Structures are given as structure tokens and as C-alpha cells.
Amino acid sequence: MTTPEPDHRMGGWVGTGYDAIIVGQVYAPYPLKIDAAALANFYACIGESPANIEPGTRIPSFLLNELRAFKSYVKFPPGVLHAQEELEMSGAAYLGESLVTIVRVADKYIRNGKRFLVVEQAVKAGDEQRDVLLVRHILYWPC
């Protein structure tokens, strides 16, 4: 099967093309910084105000699921769509401990003439790098 022509309808984009992304590529651990202010903002957004936000407070998984790590290594083209996402929780992360995200390109494929990437992001916590969260993103990649 041949790769479809890139979709450049959104302008002259220069960045990481589909063919440049390698299945199996693992990127260096990316520090994930979540402080008390971020946690307070999260709770304010959902209309809650916890009694104390202090070291050891559990970090909601919603704050651990983001694409900054992958975006720090790959320049997204305009028109990337988040087609699907799966989360697998392995443990909890707590305010004050070190957190990292490790990104791996798990797969890429073409379906109905459209390019897709499967990106896995593993969040690890503490000095022992224990597993906390694995997120599997399926992204439509137009270029």
C-alpha cells in the first residue's frame, strides 16, 4: 500500500511528517511538573476545594494525561485529531514526588486513505520509577 499524499490544505506547514515518525521510537524521559497551584486550579475548575493541598496529596489522573512530552519531540502539523484514547492505571502519583513521561511510537497505519499514529505515554513516579499510568493515543496525522 502506498502512502497517500500529504494534506496541505491548512497551509504551508513545516514540521514532522508521517514518514519521519518511526515505529518503536522511544523518547527520553520528559519531566512532568505538577505543583500545588496546578492541583488547586484543577479542583477549582471542577467546582471543588479540597481542605489541604500538601505534599503527599494524590494527583488526579486527568492531570497526568497530556501530550506535552510528545509535542516536545515532534512538531505536530495543523489538523492533527485525537481519534481515540485508552488509559490504564497502575498506581497513584502524589504531589511532591518526581514524575516523568516516557513516550513510545507504538504503531502507525493507514486506514481509508488516512494516516494514524499510535503513541503510548507511560507516566512513572518516584525515584524507583514505579508505573502510574499508561495512555495510548491514536492520532490522525494529516501530513
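Look up: the structure comes first, before these words.
Residues numbered from 1 in each chain as written. Predicted model: local features only at pLDDT ≥ 70, side-chain atom pairs only at ≥ 80, totals over all residues. Heavy atoms only, no water.

The subject of this paragraph is the sheet that holds strand S3 (residues 81–89). Spatially, S1-S5-S6-S7-S3 is the arrangement adopted by the five strands of the open sheet, whose pairing is antiparallel. Here the strands that pair on one side only, and so sit at the sheet edges, are strand S1 (30–31) and S3. Across twelve bridges, the pairing between strand S5 (residues 99–111) and strand S6 (residues 114–125) is antiparallel. Bridge pairing in S6 places Arg111 opposite Lys114. (Pairing = 2+ DSSP bridges. Helix = DSSP H or I, 4+ residues; strand = E, 2+ residues; numbered from the N terminus.)

What follows deals with the side chain of Asn65. Residue position: Asn65 is located in the loop between helix H2 (61–64) and helix H3 (68–73). Judged by relative accessible area, Asn65 falls into the buried class, the value being 18%. Looking at Asn65, its side chain comes within polar contact range of the side chain of Glu85, at 2.9 Å. Apart from the residues lying within four places of it in its own chain, the contact partners of Asn65 are Glu85, Leu87, Leu133, Val135 and His137. (Buried < 20%, exposed > 50% of the residue type's maximum accessible area, 1.4 Å probe, protein only. Polar contact = N/O pair within 3.5 Å; in protein donor to acceptor, adjacent residues only side chain to side chain. Contact = heavy atoms within 4.5 Å.)

Time to look at the nonpolar core. Counting residues in each nonpolar core, the largest one holds 16 residues, and the members touching the most others are Ile34, Ile59, Leu64, Leu99 and Val132. Every residue in contact with Leu64, bar those within four places of it in the chain, is listed here: Leu32, Ile34, Ile59, Ala93, Leu99, Val123, Val132 and Leu133. (Core = buried A, V, L, I, M, F, W, Y, C linked by side-chain atoms within 4.5 Å.)

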